[in-house]
Amino acid sequence: MKPRRFDPDEDAAPILALLHRAFVNMEGRIDPPSSLHRLTKADIANQAREGEVWVIGEAACVFLTPLPDETPPALYVGKLAVDSSVRGQGLARALIALAENRASALGCARLILQTRVELIENHAIFEKLGFVKTAETAHPGYDRPTSCRFEKALPER
C-alpha cells in the first residue's frame, strides 16, 4: 500500500485509534505523560488543514509540519506511528521517504523529529533511518532532559 494524504473532511477516528494502539507501549514509561491523551479528532483534522497528515490504510500515519523559521527551513515529522501488527514491513521507512520528498518539494533542507528520552528503541530506529541526535530538551517544569531532537539533512536536489 502506498501513502495517501488524509483529507481534513474525512473521519479522523481511525487515525486517533491507530495512534493509541501504536503508542500504548509508552504508558508508564515516559514522564511527563504523552500529549496523545489530549489529541482529538478535531486536532487531527486541523493538522491536515494547516500541515499534512499521511496514512497507509489504517496501519500507519505521519504528521508533517513545515518549520519555515528554522535555519535552514525544515519539515517536522510528528506522530509517526505503525500498528504493531505490521511492524517490520517497511511502513515507517516509506513514511520517512515520503517526508523527505515532501520536504524537498516545500524547499526544506532537513527533517526534524523528537522522541522521548526513555524510548531508546525509537532512537535506534531513527538512527537506522539516517537521523542524528542533535539535542536533548526538557518539558516545562522538568530539570532533566525529557526529549531528544533528531535531524536528518537532505541532499540538495
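Reading the values: rules and limits
- Residues numbered from 1 in each chain as written.
- Predicted model: local features only at pLDDT ≥ 70, side-chain atom pairs only at ≥ 80, totals over all residues.
- Heavy atoms only, no water.
- Helix = DSSP H or I, 4+ residues; strand = E, 2+ residues; numbered from the N terminus.
- Rg over C-alpha atoms; globule rule 2.2 N^0.38 Å.
- Buried < 20%, exposed > 50% of the residue type's maximum accessible area, 1.4 Å probe, protein only.
- Contact = heavy atoms within 4.5 Å.
- Areas by Shrake-Rupley, 256 points an atom, 1.4 Å probe, with all protein chains shown as cover.
- Lys, Arg positive; Asp, Glu negative; His and termini not counted.
- Charge placed at Lys NZ, Arg CZ, Asp CG, Glu CD.
- Arc of directions from axis to C-beta.
- 1 Å grid on protein atoms, 1.4 Å probe; cavity = no way out; pocket = protein on both sides within 12 Å on 5 of 7 lines; lining within 4 Å.
- Points joined across faces, edges and corners; volume = space filled by probe spheres on them.
- Phe/Tyr/Trp six-rings, centres within 6.5 Å; stacked < 30°, edge-to-face > 60°.
- Polar contact = N/O pair within 3.5 Å; in protein donor to acceptor, adjacent residues only side chain to side chain.
- Pairing = 2+ DSSP bridges.

**A word on the overall build of the protein chain**
Move 1: Secondary structure summary: the protein chain contains 4 helices and 7 strands in total.
Move 2: Ordered by position from the N terminus, the helices and strands of the protein chain form the series β-α-α-β-β-β-α-β-α-β-β.
Move 3: On C-alpha atoms alone, the protein chain measures out to a radius of gyration of 15 Å, which is about the 15 Å that the 2.2 N^0.38 rule sets for 157 residues.
Move 4: Projected onto its principal axes, the C-alpha coordinates of the protein chain cover approximately 40 × 40 × 30 Å.
Move 5: The burial tally for the protein chain puts 43% of its 157 residues in the buried class.
Move 6: Restricting the contact set of the protein chain to residue pairs at least 6 apart, pairs at least 24 apart contribute 63%.
Move 7: About 8500 Å² of surface is accessible on the protein chain, with carbon and sulfur atoms providing 53% of the total.
Move 8: Of the charged side chains in the protein chain, 20 are positive and 21 negative; the average position of the first set lies 4 Å away from that of the second.

**A closer look at helix α1 (residues 13-22)**
Move 1: Inspection of α1 places I15, L16, L18, L19 and A22 among the buried residues, and these make up the whole buried set. Seen end-on, α1 carries its buried residues on one side only, within an arc spanning 160 degrees.

**Structural notes on the layout of surface pockets**
Think of a ball as big as a water molecule: rolled over the atoms, this probe shows where empty space is left.
Move 1: The computed volume of the largest pocket comes to approximately 1200 Å³.
Move 2: As for the largest pocket, its lining consists of 43 residues, and the residues nearest its centre are F23, L80, T115, N122 and F126.
Move 3: Looking at the lining of the largest pocket, the elements that each hand over two or more residues are β4 (74-82), α3 (91-105), β5 (110-116) and α4 (120-128).
Move 4: For the lining of the largest pocket, the element with the highest residue contribution is β4, accounting for 7 residues.

**Observations regarding the packing of aromatic side chains**
Move 1: The tally for this structure, following the rule as stated, stands at 2 aromatic pairs.
Move 2: A ring pair is formed by F126 and F131, whose centres lie 6.0 Å apart and whose planes are at 70 degrees; its orientation type is edge-to-face.
Move 3: Owing to a relative accessible area of 9%, F126 belongs among the buried residues under this scheme.
Move 4: Taking 6.2 Å as the distance between ring centres and 50 degrees as the angle between the ring planes, the aromatic pair formed by F126 and F150 counts as tilted. One end of the pair, F126, is in helix α4; the other, F150, is in strand β7 (residues 147-153), and 24 residues separate them in sequence.
Move 5: Among the aromatic side chains, those forming a connected cluster through ring pairs are F126, F131 and F150.

**Here we look at the environment of L113**
Move 1: Inspection of the secondary structure assignment puts L113 in strand β5.
Move 2: For the pair formed by L113 and G141, sequence separation is 28 residues and the distance between their alpha carbons is 21 Å.
Move 3: For L113, the residues in contact, after removing those within four places along its chain, are Y76, V77, F126, F131, C148, R149 and F150.

**Details of the side chain of R110**
Move 1: Take R110: it is sitting in strand β5.
Move 2: On the accessibility criterion, R110 (8% relative accessible area) is buried.
Move 3: A distance of 3.0 Å separates the side chain of R110 from the backbone oxygen of P72, its partner in a polar contact.
Move 4: When neighbours within four sequence positions are excluded, R110 is seen to be in contact with E70, T71, P72, P73, A74, L75, R149, E151, K152, A153 and L154.

**Observations concerning the pairing of strand β3 (residues 60-67)**
Along any regular strand, the residues point their side chains to alternate faces of the sheet.
Move 1: Bridge analysis of strand β2 (residues 52-56) against β3 gives 5 bridges, and the strand direction is antiparallel. From the neighbouring strand, I56 faces β3, where its bridge partner is A60.
Move 2: The antiparallel hairpin formed by β2 and β3 contains 3 residues in its connecting segment, where G57 sits at a positive phi of about 55 degrees.
Move 3: Relative to β4, β3 is paired through 7 bridges, and the arrangement is antiparallel. Bridge assignment links P66 to a residue of β4, and that residue is L75.
Move 4: A loop of 6 residues connects β3 with β4, the two strands running antiparallel in sequence.

Keep in mind that these numbers describe shape and distance, not what the molecule does.
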